[in-house]
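Here are the chains, one letter per residue:
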Amino acid sequence: MPMAKMRVHELAKELGLSSKEAIAKLAELGVEVKSHSSSVSEAEADRLRSTLNGGAPAPAPAAKPAAPPPEPKRVPEAEAPPPAPKKTPEAEAPPEEPAAVAEPGPAEPAVAEAIHISRGATVEEFSGKIGQPPNQVIKTLLSMGTMKTIAQSLTDEEIELLAMEFGASVEVVSPEEDTEVEIDLTEAEDPSTLLARAPVVTVMGHVDHGKSSILQHFRKREMLSFEAGGITQAIGAYQVHSNGKEVTFIDTPGHEAFTQMRARGAQVTDLAVLVVAADDGVQPQTVEALDHARAAGVPVLVAVNKIDRPEADPTRVRQQLAELGLQPEEWGGDTVYVDVSAKNGTNMDQLLEMIHLIAELQELKANPNTSARGVAIEAHLDKGRGAVATLIVQRGTLKVGDPVVCGSAWCRVRALTDENAQHVESVGPSDPVQVTGWSKVPQAGDDFRVAKDEREAKHIAQEREAKFRQAELVAASKPRTLADLLSLTQTGEIPGLNLVVKADTQGSLEALIDTLEKLDQTEVSINILRRGVGAISENDVTLAAASGAIVVGFNVRADASARQLAEADGVDVRPYEVIYQLLEDIEQATKGLLAPEQREVVLGSAEVRALFRTPRGVIAGCYVTEGQIIRGSKARLIREGAIVYTGDVSSLRRFRDDVREVASGFECGVGIEGYNDIKEGDIIETFEVREVART
Ligand code: GDP
């Protein structure tokens, strides 16, 4: 019975087209399909058939035959449509001139686009080339009456038969012919080029719950089983092999790296292992880590650690996480939990197995046979080796000699070093590798790709650098003072007030934190990012700058370098000596009431040398000693160091003319609004009041 729907590759096979051609021709007919395994309706299939048949009604589709297996379906069942002109040698009387057959049909192009398979390719190689899981290929071989293992070679005939079975268009070539044309990086990957790749895993969770211990356990095990007395090198990621499968672990516990990378738009992680200590349960960073994983759309597997501890309560962990939406599989949910002890190694194999299982469900694939692309997960400046970065390849193969651009850095790969300090010639998808020789230190989270040549790499890097500078300028104008933050909180743009709190003693720090936490946070929440005893340091300012926080100091000041940095980065640093004032400011800020601080800025000063009485009052004949005197500005009258009066500069004259301002070194007449009791020898200091952030 004809099926209501059929797969694109089946239809392609029936019509003697490659899947790609069939997809293209369907698209011309307005039928959008994603891949060779997508389905089309009978009507859609008919439309394609009739187009190719020049309008003739289509015969029954060659859907999967319900017929018994002995005859493998190597030939399209229906003989009626134009025979698929596959390059079968039996095709009768092939005309000398290819043009002669060109008339209605698809014909030769299929050959031009065929996937090249080396003669004698193994099951595994073949599977990779056509993007099918090896076990599927083995099964299909079995149904054809042939039993092969993954590492065994295929005959030419088997390759042809399998290709037909999977709807792939292949050409068996001698190994030296097997060089594929480089794929344009902007072009979407042809599904048939995709090969399974290892999952890239990040271990996350609350501090001290055992993230590092889990990573170390796997790392040690790997070293024991693979390299006798191997040297290791912390490059930020490493691979673990088991049962012929690999996992790449990002070796940076905690979610800082993860967050940092995501902030840069990079997503390397395929799977997050959420570690929760069975004796401690869900803690704040557990929730944060989960939020990060969810925001990134990364599946989560829970490792309930420290089950060796007497107080361990894995059920409680499940209950707590179930409340957060991680319903355990054993309770009918879909989150996998593994109870482990990183310390004793209990169930660590099972954890690895589960990682593989989840990864398999994700069907992670990449084309290894193209120029490499990926992400830098770690980078630093090494005294001996210069700029060093660890890259994770996401597709393609990275080779020594490749010109690479990563963010605004570039290099020609001089050496590739793996986590075992081994030099390697090339690395493929999901492999981590350390690369030296960069023009500058790339940033974790920057993506990298192989360029056409060094010139292109350099050019792209420089263009990005220029854009980066521009972006920095924009960022510099971003508001970061308490008052600015406040206006944002009022418009609901930031969720809370981030604080870095420093104090002179542990006691005052604790008291301060305690009081801060008790403030009414209904409108704006207070997040204390860092607390500490001691002067406000450069580090504090850096953190504040990175997180849009303000720094408050109680009885402590910022040291010189911190002050400079704060100024450069526009960070609001506020030292206080009265705890009440600090609290009041913060409270006002959280309530949206903070008035900007007003500060007097001295504009200039003048010495009174003579007095002139006029109908409009006393005018002081002055000599400007500093800055300038400006009409309309505020003035203070200082006599022997004490302020005797504060008012406005009501008149300002040079000779007989009214002027707006008089600079230092000149004489002038100054009248002070509402004050006539000026004396010779008095100092008139002018100032204005500016609204500024406190420093
Ligand atoms: P991280 O901060 O999450 O990386 O946690 P660590 O891996 O540094 O572990 C914190 C502490 O817990 C260390 O003292 C570890 O020795 C201990 N620890 C880790 N895993 C286990 C475990 O399975 N059982 C026990 N009893 N202790 C563990």
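This is a predicted model, so every value here is computed, not measured. (Residues numbered from 1 in each chain as written. Predicted model: local features only at pLDDT ≥ 70, side-chain atom pairs only at ≥ 80, totals over all residues. Heavy atoms only, no water.)

S.K.: Before we move on, can you summarise the site of the ligand with the specific residues and values?
M.R.: The full set close to the ligand counts 15 residues, and D208, K211, S212, S213 and D308 are the nearest of them. A342 places a polar main-chain atom, nitrogen or oxygen, 2.9 Å from an oxygen atom of the ligand. Computed on the free molecule, the ligand has an accessible area of 570 Å², of which 74% lies beneath the protein chains in the complex. Looking at the shell around the ligand, the element that brings in the most residues is helix α8 (residues 211–226), giving three residues. Its residues placed into classes, the shell around the ligand shows two nonpolar, seven polar and six charged. (Near = heavy atom within 4 Å. Polar contact = N/O pair within 3.5 Å; in protein donor to acceptor, adjacent residues only side chain to side chain. Areas by Shrake-Rupley, 256 points an atom, 1.4 Å probe, with all protein chains shown as cover. Helix = DSSP H or I, 4+ residues; strand = E, 2+ residues; numbered from the N terminus. Nonpolar A, V, L, I, M, F, W, Y, C, P; charged D, E, K, R; others polar.)

S.K.: Help me get a handle on the sheet that holds strand β19 (residues 423–424), residues and values and all.
M.R.: Taken in spatial order, the eight strands make up an open sheet running β17-β16-β22-β13-β14-β21-β18-β19, and their pairing is antiparallel. Of all the strands in the sheet, just β17 (409–412) and β19 have a single pairing partner and so form its edges. In this structure, strand β18 (residues 416–417) lies alongside strand β21 (residues 432–436), joined through two bridges in antiparallel fashion. Along β21, the bridge assignment pairs L416 with V435. (Pairing = 2+ DSSP bridges.)

S.K.: I'd like a description of the nonpolar core, backed by residues and values.
M.R.: Grouped together as the largest cluster of nonpolar side chains are 24 residues, with contacts concentrated most on I214, F218, F249, V273, L301, L351 and I355. Elements represented by at least two residues in this core include exactly β6 (200–205), α8, β7 (237–242), β8 (245–250), β9 (271–277), β10 (300–305) and α12 (348–362). With six residues, the single largest contributor to this core is α12. (Core = buried A, V, L, I, M, F, W, Y, C linked by side-chain atoms within 4.5 Å. Buried < 20%, exposed > 50% of the residue type's maximum accessible area, 1.4 Å probe, protein only.)

S.K.: Give a detailed account of the environment of E360, specifying residues and quantitative values.
M.R.: For E360, the location among the structural elements is in helix α12. A relative accessible area of 47% means that E360 is categorised as partly exposed. At a separation of 3.5 Å, a polar atom in the side chain of E360 contacts the side chain of K245.

S.K.: Help me get a handle on the packing of aromatic side chains, residues and values and all.
M.R.: The way to describe two aromatic rings as a pair is by their centre distance and the angle between their planes. Applying the stated rule across the entire model yields three aromatic pairs. Summarising the aromatic geometry, the rings of F218 and F249 are spaced 5.1 Å apart at their centres and angled 15° between planes, so their arrangement reads as stacked. Taken as a pair, F218 in helix α8 and F249 in strand β8 lie far apart in primary sequence, 31 residues in all. For F218, a relative accessible area of 0% puts it in the buried group. F249 sits in the buried class, given a relative accessible area of 1%. Centre to centre, the rings of Y238 and F249 are 5.9 Å apart; their planes meet at 35°, and the pair counts as tilted. Placement of Y238 in strand β7 and of F249 in strand β8 is noted, with a sequence separation of eleven residues between them. Assessed through its relative accessible area of 2%, Y238 is described here as buried. (Phe/Tyr/Trp six-rings, centres within 6.5 Å; stacked < 30°, edge-to-face > 60°.)

S.K.: Please give an account of the side chain of N305 that cites residues and values.
M.R.: With respect to the secondary-structure elements, N305 resides in strand β10. If we skip the residues at most four places from it in the chain, N305 touches H209, G210, I214, V275, V276, A277, A278, V340, S341 and A342. (Contact = heavy atoms within 4.5 Å.)

S.K.: An account of the confidence of the model for the protein is needed here, citing residue identities and associated values.
M.R.: Averaged over all residues, the pLDDT of the protein equals 78, while 78% of them reach at least 70. Counting contacts from residues 55–107, a segment whose pLDDT is below 50, to residues more than four positions away or on other chains yields 52 contacts. Confidence over residues 175–187 falls short of pLDDT 50; this stretch has 19 contacts with residues more than four positions distant or in other chains. (pLDDT = per-residue confidence, 0-100.)

S.K.: Can you break down the pairing of strand β22 (residues 447–450) residue by residue, with the values?
M.R.: Of the strand pairs in this sheet, strand β13 (residues 373–382) and β22 are connected by three bridges, and their pairing is antiparallel. If you follow G374 over to β22, its bridge partner there is F448. Summarising the sheet, strand β16 (residues 403–406) and β22 pair through three bridges and their orientation is antiparallel. For V405, the partnering residue across the bridge sits in β22 and is R449.

S.K.: Go over the pattern of salt bridges, please, and point to the residues and values.
M.R.: Pairing is possible between side chains of opposite charge, provided their charged atoms come close. What the rule picks out here adds up to 25 salt bridges. Residues E14 and R49 are paired through a salt bridge, measuring 2.5 Å at the closest nitrogen-oxygen approach. Here the residue E14 occupies a position in helix α1 (residues 8–15), and R49 occupies one in helix α3 (residues 42–52), the gap between them amounting to 35 residues. We classify E14 as buried; its relative accessible area is 4%. In this structure, the salt-bridge partner of D572 is R574, at a minimum N-O distance of 3.1 Å. Each member of the pair, D572 as well as R574, carries the same accessibility label: buried. A cluster of three or more residues bridged by salt bridges with shared partners is formed by E14, E42, D46 and R49. (Salt bridge = Lys/Arg side-chain N within 4 Å of Asp/Glu carboxyl O.)

S.K.: Give me the side chain of T417: which residues, what numbers.
M.R.: With respect to the element layout, T417 can be found in strand β18. Residue classification places T417 among the buried residues on the basis of a relative accessible area of 9%. When sequence neighbours within four positions are dropped, the list of residues in contact with T417 reads Q233, I235, Q422, H423, V433 and Q434.

S.K.: An account of the sheet that holds β6 is needed here, citing residue identities and associated values.
M.R.: The strand order across the open sheet formed by six strands is β7-β8-β6-β9-β10-β11, and the pairing between neighbours is mixed. A strand with exactly one partner marks an edge of an open sheet, and here the two such strands are β7 and β11 (337–339). This sheet shows a mean twist of 30° between the axes of neighbouring strands, independent of strand direction. The sheet contact formed by β6 and β9 spans five bridges and is parallel. Note on β9: the bridge partner recorded for T202 is A272. On the sheet, helix α11 (residues 314–323) packs against β9, β10 and β11 and is oriented at approximately 160° with respect to β11. (Axes fitted to C-alpha atoms, helices over the stretch in contact; angles between N-to-C directions.)

S.K.: Before we move on, can you summarise the packing of helix α6 (residues 134–143) against helix α7 (residues 156–165) with the specific residues and values?
M.R.: Look at α6 against α7: their axes get within 11 Å of each other, and the N-to-C directions meet at 110°. Considering the angle they form, α6 stands roughly perpendicular to α7. Together, V137, T140 and L141 of α6 and E158, L162 and E165 of α7 make up the contact between the two elements. Looking at the contact of α6 with α7 residue by residue, the class counts come to three nonpolar, one polar and two charged. (Parallel < 35°, antiparallel > 145°, perpendicular 65-115°, else oblique.)

S.K.: How would you sum up the pairing of β7? Please name residues and give values.
M.R.: For a regular strand, the rule is simple: side chains alternate between the two faces of the sheet. With five of six residues buried, β7 lies mostly within the body of the structure. The turn linking β7 back onto β8 is made up of two residues, and N243 within it adopts a positive phi angle of 45°.

S.K.: Got a sec to walk through the environment of V578? Specific residues and values, please.
M.R.: Secondary-structure assignment places V578 in the loop between β26 (573–576) and α18 (579–591). Residue V578 is classed as partly exposed on the basis of its relative accessible area, which comes to 42%. Taking the C-alpha atoms as reference, V578 lies 8.0 Å from N555; in sequence the two are 23 residues apart.

S.K.: Please provide a residue-by-residue account of the packing of helix α5 (residues 123–130) against α6, values included.
M.R.: Packing of α5 against α6 brings their axes to within 9 Å, and their N-to-C directions diverge by 115°. Our classification of the angle between α5 and α6 gives roughly perpendicular. In the packing of α5 onto α6, the handedness of the crossing is right-handed. Seen from α5, the contacting residues are V123, F126 and S127; seen from α6, they are P134, V137, I138 and L141. Across the contact of α5 with α6, the residue classes break down as six nonpolar, one polar and no charged. (Left-handed = near helix turned anticlockwise from the far one by under 90°.)

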